[in-house]
Amino acid sequence: MKLTLFTSLIIFALSAQAADKRIYSTDTIGNRQYDKPSYTITDNGRIYETDSSGNKRYDKQSYRIEGDKIFPTDSIGNRQYNKPAFEMK
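Quick caveat, the model's predicted, so the values are computed rather than measured. (Residues numbered from 1 in each chain as written. Predicted model: local features only at pLDDT ≥ 70, side-chain atom pairs only at ≥ 80, totals over all residues. Heavy atoms only, no water.)

## Topic: the environment of K56
Okay, step 1: Position of K56 among the secondary structure elements: in the loop between β3 (46–50) and β4 (62–66).
Okay, step 2: Given a relative accessible area of 26%, K56 falls into the partly exposed group.
Okay, step 3: The spacing of K56 and T40 is 16 residues in sequence and 7.5 Å in space, taken between C-alpha atoms.
Okay, step 4: Not counting residues up to four positions away in its chain, the partners in contact with K56 are D20, T40, T42, Y48, E49 and T50. (Helix = DSSP H or I, 4+ residues; strand = E, 2+ residues; numbered from the N terminus. Buried < 20%, exposed > 50% of the residue type's maximum accessible area, 1.4 Å probe, protein only. Contact = heavy atoms within 4.5 Å.)

Here's what the structure looks like:
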């Protein structure tokens, strides 16, 4: 019973992490720059700055993807109309 519970918790944890995509800063050669911020894109279209150990920085600017536009949001997900939006091409 404990083994089944442990196995299901591991599968749940791996599936929850698999939904997030990470974007890393790289130099011209393609090496990761660990001193620069990276970003995590969640499955619902939210973009968060992430520190070097993988923790989301909720105190920094976050964004939301809607269609082909990227809108800046506050910490709870409300769109910030006083900041510029970006368009993906």
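The rest of the description comes next.
## A closer look at the packing of aromatic side chains
Okay, step 1: Per the stated rule, a full pass over the model turns up 2 aromatic pairs.
Okay, step 2: Between Y48 and Y58, the ring centres sit 5.2 Å apart and the planes meet at 70°, which makes this aromatic pair edge-to-face. Highlighted residues: Y48 in strand β3 and Y58 in the loop between β3 and β4, separated in sequence by 10 residues.
Okay, step 3: Residue class for Y48 comes out buried when judged on its relative accessible area of 10%. (Phe/Tyr/Trp six-rings, centres within 6.5 Å; stacked < 30°, edge-to-face > 60°.)

## Concerning the side chain of R46
Okay, step 1: Structurally, R46 is set in strand β3.
Okay, step 2: D74 is the oppositely charged side chain nearest to the buried, salt-bridge-free R46, at an N-O distance of 6.0 Å.
Okay, step 3: Reaching out from R46, the side chain makes a polar contact with the side chain of S62 at a distance of 3.4 Å.
Okay, step 4: Ignoring any residue separated from it by four or fewer positions in sequence, one finds R46 in contact with T40, I41, S62, Y63, R64, T73, D74, S75, I76 and G77. (Lys, Arg positive; Asp, Glu negative; His and termini not counted. Salt bridge = Lys/Arg side-chain N within 4 Å of Asp/Glu carboxyl O. Polar contact = N/O pair within 3.5 Å; in protein donor to acceptor, adjacent residues only side chain to side chain.)

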